[in-house]
Amino acid sequence: MLESISLALQGLWTHKMRSFLTMLGVIIGIASIITIVSTINGTNQQIKDNLVGAGNNVVNVRVTKDGNPVEFSYMAIPASVRPLDADVADYLGTLPGVDSVALFRSNSGGDAVSFGRTQFTGNLYGIDERYLDVVGSSVARGRAFTEEDRANNRKVALVDQKTASTLFGGEDALGSIIEVKGEPFVVVGITAKDVTTEPVINSVEEYRLYSASAAGAIYIPLESWEVAFRYDEPHSLAVRASSVDEMTVAGNGVAEAVNAYAVTSDDYAYAADNLLDKAASLQNLSKSANDQLLWIAGISLLVGGIGVMNIMLVSVTERTREIGLKLAIGASRSRIRLQFLTEASVLTLIGGVLGVAGGIGLAYLLSSVMGIPVFVSVPACLVAVVFSMVIGLVFGLAPALKASRLNPIEALRHE
């Protein structure tokens, strides 16, 4: 085998230009596939990061009715859903795929919070002591809620950076007083995300999915929720999964456990916000176009394979006397087949390696020039190289069979 590979490399070096032109179809096909796959993977990863948040791994579990999240600002408190407590959150944190769990309540009503004459249009949350850590936030300025704040139901609040810059009209948010359902709350801290991600929005559907997460937020202690709202509102849960891929398992597991513990009728149910499914639905929007591009790239490989077959047939014709001599001195027909198959596979293998290198370079060039996200898959590159070698074996088979079936005497007489 090593001798056959050595002979194949010598033959390619002897006819360098012809060999390169023969490889060109394979190089273009493999480069096209690697470029397309890299941009598809990059776009899919960007969609996932936009929805999930890079490294955040958090899924919310909320009360739903008929499959839709319930907004308790506009309806009566269901008697069939009881509130949760810290002990329940501790237990839920031990479920498979779950890293930690926090309890919260929320209100998205536009008339719930105001500063002077300015209405707050974001989301208001009542949070427990774990919430900020679970969702990957911390207090950047000011202070966090203390045990005394919670024990005494103090009217204190935290705001995120977006709210701090938009709600207060240029004033310093720290120390400002906001009204929550007519009750005064003092802003004691400003929060910031530990990992900042900025969604890249390319469609109306993406905007609809991302706009909710882009709204500002105000936080008050969960214990102070009853100062402005009802004390017995059901809780929602923020679940930090052990990884992004575990979000579905963690969210569904927590929802199932809470339903068994806290829900006593079929009218309501806790359900997880399946962000990975939403990401998959966005990724599928461009799947048909991506598939068409891959088929077009596959045609380039087919053309390259035909080129390999053609040049190998030419090589058999040029080396007819050589083949006849080898057969005459005792070379087996299988050895002749192996030699030509090796030459074809080495030719396409080198073309595949060059194609992978060219595809990676082209992908990053597109990324820098057009801003297209790129993620190079090592397994895809390895498969492309192996597939290019398979092309050589498939399209080199006919020339190899032709060479091995030559009559030695007629081959020696060939001019």
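Everything in this summary refers to the structure shown in the same document. Predicted, not measured: the structure shown is a model, and the values here were computed from it.

Observations regarding the packing of helix α12 (residues 320-328) against helix α13 (residues 333-370)
Then, number 1: Across the interface, α12 lies against α13 with an axial gap of 10 Å and an inter-helix angle of 145°. Crossing handedness for the pair α12 and α13: right-handed. Between α12 and α13, the residues in contact are Glu322, Ile323, Lys326 and Leu327 and Arg333, Ile336, Gln339 and Phe340, respectively.
Then, number 2: Tallied by class, residues from the contact of α12 with α13 come to 4 nonpolar, 1 polar and 3 charged.

Regarding the pattern of salt bridges
Then, number 1: Here the structure, examined in full by the defined rule, presents 7 salt bridges.
Then, number 2: Between Asp90 and Arg130 there is a salt bridge, and its shortest N-O distance comes to 2.2 Å. Taken together, the residues span a long stretch of sequence, with Asp90 in helix α3 (residues 86-92) and Arg130 in the loop between β6 (123-127) and α4 (131-134) at a distance of 40 residues.
Then, number 3: Among the residues examined, Asp90 registers a relative accessible area of 39% and is labelled partly exposed.
Then, number 4: With relative accessibility at 24%, the residue Arg130 sits in the partly exposed group.
Then, number 5: Taken together, the shared-partner salt bridges connect Arg143, Asp149 and Arg154 into one network.

Examining the nonpolar core
Then, number 1: Grouped together as the largest cluster of nonpolar side chains are 33 residues, with contacts concentrated most on Ile30, Ile323, Phe340 and Val356.
Then, number 2: Secondary-structure elements contributing two or more residues to this core are α2 (16-52), α11 (287-318), α12, α13 and α14 (378-404).
Then, number 3: Looking at this core element by element, the count peaks at 8 residues for α2.
Then, number 4: Counting 29 residues, the second largest nonpolar core, distinct from the first, contains Phe72, Val98, Val254 and Ala257.

Here is what the cut-offs are and how they apply
- Residues numbered from 1 in each chain as written.
- Predicted model: local features only at pLDDT ≥ 70, side-chain atom pairs only at ≥ 80, totals over all residues.
- Heavy atoms only, no water.
- Axes fitted to C-alpha atoms, helices over the stretch in contact; angles between N-to-C directions.
- Helix = DSSP H or I, 4+ residues; strand = E, 2+ residues; numbered from the N terminus.
- Left-handed = near helix turned anticlockwise from the far one by under 90°.
- Contact = heavy atoms within 4.5 Å.
- Nonpolar A, V, L, I, M, F, W, Y, C, P; charged D, E, K, R; others polar.
- Salt bridge = Lys/Arg side-chain N within 4 Å of Asp/Glu carboxyl O.
- Buried < 20%, exposed > 50% of the residue type's maximum accessible area, 1.4 Å probe, protein only.
- Core = buried A, V, L, I, M, F, W, Y, C linked by side-chain atoms within 4.5 Å.

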